[in-house]
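The residues making up each chain are set out below.
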Amino acid sequence: MNKWQKIRRPPVLPLYLAALVWPVAALALPIYRLWALALTAALSAAVYAAARRLCPDRLYWKEKAFSTGSRDVDAMLAAAAQNLDDLAAVAAAVHDKALAAELGRMDKAGRAILAEVERDPQKAPAIDRFARYYLPEACKIMTVYARTQDVQGDNTQQLHAEIRATASTIAQAFENQLDALYSAEALDISTDIDVLETILKSQNLTD
């Protein structure tokens, strides 16, 4: 899944103040002389050092891009992550708590899916339809609900009822998609367990 990294950015004000020393010094000193030039440089450095102590670095968080080694997979995951961000925004905006809970299920399962594919990009084909169709459509439907939730009328009430009714189905489908990503591994582990149990029994290491 996308990871967040802390970025440290130095302030620009100390640079501006240090640069300002030069035109001011040019008005007061014969800066064309070597001693005046050296003095101005020293003053500029001192101003910069003082300003840096007063102006700490700015810290902010930046989301790192996916890096699976495949440009197509990275693009697919990035688009899906944006859709999940949009779903999270909808969940925060809707008034219906039950619908918000279903949106939370979608978000949790969806992000786990992206994290697993980022870990193992070979699983990308298994979520192609999920990432390129199911997730964008779910995002579109839920965004319509959020945009029209305060609109009164027979058509919107029917639309909202249909969306609320299908939200649980969509969330379950997301969770099933996540579970399906582990089907091959589950089969492999089950086989490994059987083999291990057989070996342990053959060596009289079990009751």
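See the structure above.
Source: prediction; values computed, not measured. The residue count restarts for each chain, going from 1 along the sequence in the order it is written. Only residues with pLDDT of at least 70 are given local features in this predicted model, and only at 80 or more are side-chain atom pairs given and counted; all residues enter the totals for whole chains, interfaces and linings. Side-chain figures throughout are based on the complete set of non-hydrogen atoms in the structure, without hydrogens or water.

> What is the right way to look at the overall build of the chain in this model?
Broken down by element type, the chain carries seven helices and two strands. Helix and strand definitions follow DSSP, with helices as H or I runs of at least four residues and strands as E runs of at least two, each counted in order from the N terminus. Along the chain direction, N to C, the helices and strands of the chain fall in the order β-α-α-β-α-α-α-α-α. Working rule for contacts: check all heavy atoms of both residues, and any pair within 4.5 Å makes them a contact. In the chain, the proportion of contacts linking residues at least 24 apart, taken out of those at least 6 apart, comes to 73%. Accessibility throughout is a Shrake-Rupley quantity obtained with a 1.4 Å probe, and a residue counts as covered only by protein chains that appear here. Carbon and sulfur atoms make up 59% of the accessible area of the chain, which totals about 13,600 Å².

> Looking at this structure, I do not really get the pattern of salt bridges. What am I missing?
Side chains bearing opposite charge may pair, as long as their charged atoms lie close to each other. Whenever a carboxyl oxygen of Asp or Glu lies within 4 Å of a side-chain nitrogen of Lys or Arg, that contact is scored as a salt bridge. Scanning the entire structure with this criterion turns up nine salt bridges. A salt bridge links Glu102 to Arg105; the nearest nitrogen and oxygen atoms lie 2.8 Å apart. Separated by three residues within a single helix, Glu102 and Arg105 lie in helix 4 (residues 97–119), roughly one turn from each other. With a 1.4 Å probe rolled over the protein chains alone, any residue whose accessible area is under 20% of its type maximum counts as buried; one over 50% counts as exposed, and the rest are partly exposed. With a relative accessible area of 18%, Glu102 lands in the buried category. On the accessibility criterion, Arg105 (25% relative accessible area) is partly exposed. What you see here is one network of salt bridges that share partners, running through Asp85, Asp107 and Arg111.

> Whenever I open this one, the side chain of Gln177 confuses me. Can you help?
If you trace the backbone, Gln177 turns up in helix 6 (residues 154–180). Looking at Gln177, the relative accessible area reads 16%, which means it is buried. Discounting residues that sit within four places of it in the chain, Gln177 has contacts with Ile113, Ala126, Ile127 and Phe130.

> Mind showing me how you'd approach the environment of Lys108 here?
Counting through the fold element by element, Lys108 comes out in helix 4. In this structure Lys108 comes out as exposed when scored by relative accessible area, which is 67%. Taking C-alpha positions, Lys108 is 9.1 Å from Phe174, a pair spaced 66 residues apart along the chain.

> What is the right way to read the packing of helix 1 (residues 13–28) against helix 2 (residues 34–54) from this model?
If you want to describe how two helices pack, look at the angle between their axes and the distance between the axes. Between helix 1 and helix 2, whose axes approach to 8 Å, the crossing angle comes to 155 degrees. It follows from the interaxial angle that helix 1 and helix 2 lie roughly antiparallel. Judged by the twist between their axes, the crossing of helix 1 over helix 2 is right-handed. Mapping the contact onto sequence places Pro14, Leu15, Leu17, Ala18, Val21, Trp22 and Ala25 in helix 1 and Leu37, Thr40, Ala41, Leu43, Ser44, Val47, Tyr48, Ala51 and Arg52 in helix 2. Looking at side-chain class alone, the contact of helix 1 with helix 2 contains 13 nonpolar, two polar and one charged residues. All axes are obtained by fitting lines to C-alpha atoms, using only the stretch in contact for helices, and the reported angles, taken between N-to-C directions, cover 0 to 180 degrees. In these notes the angle categories are as follows: under 35 degrees is roughly parallel, over 145 is roughly antiparallel, 65 to 115 is roughly perpendicular, and the rest is oblique. For any pair of crossing helices, the crossing counts as left-handed if the nearer helix is rotated counterclockwise from the farther one by less than a right angle, and right-handed if it is rotated clockwise. Basically, the charged four are Asp, Glu, Lys and Arg, the nonpolar ten are Ala, Val, Leu, Ile, Met, Phe, Trp, Tyr, Cys and Pro, and anything else, Gly included, counts as polar.

> How should the packing of aromatic side chains be read in this particular structure?
In this description, a pair of aromatic rings is defined by centroid distance and the angle of the planes. What counts as a ring pair is set by centres within 6.5 Å for rings of Phe, Tyr and Trp (its six-membered ring), and what kind of pair is set by the plane angle: stacked under 30 degrees, edge-to-face over 60, tilted for all other angles. Inspection of every chain in the model, using the stated rule, returns two aromatic pairs. Both rings, one in Phe130 and one in Phe174, keep their centres 4.9 Å apart while their planes meet at 80 degrees; by these two values the pair is edge-to-face. Placement of Phe130 in helix 5 (residues 128–148) and of Phe174 in helix 6 is noted, with a sequence separation of 44 residues between them. The pair Phe130 / Phe174 is uniform in exposure class, with both members buried. A centroid spacing of 5.7 Å and a plane angle of 65 degrees characterise the contact between Tyr133 and Tyr134, whose relative ring orientation is edge-to-face. What makes Tyr134 partly exposed here is its relative accessible area of 39%. Placement of a positive charge over a ring is assigned whenever Lys NZ or Arg CZ falls within 6 Å of the ring centre and within 35 degrees of the normal to the ring plane. Looking at Lys123, its charged tip hangs above the ring of Tyr182, at a distance of 4.9 Å from the centre.

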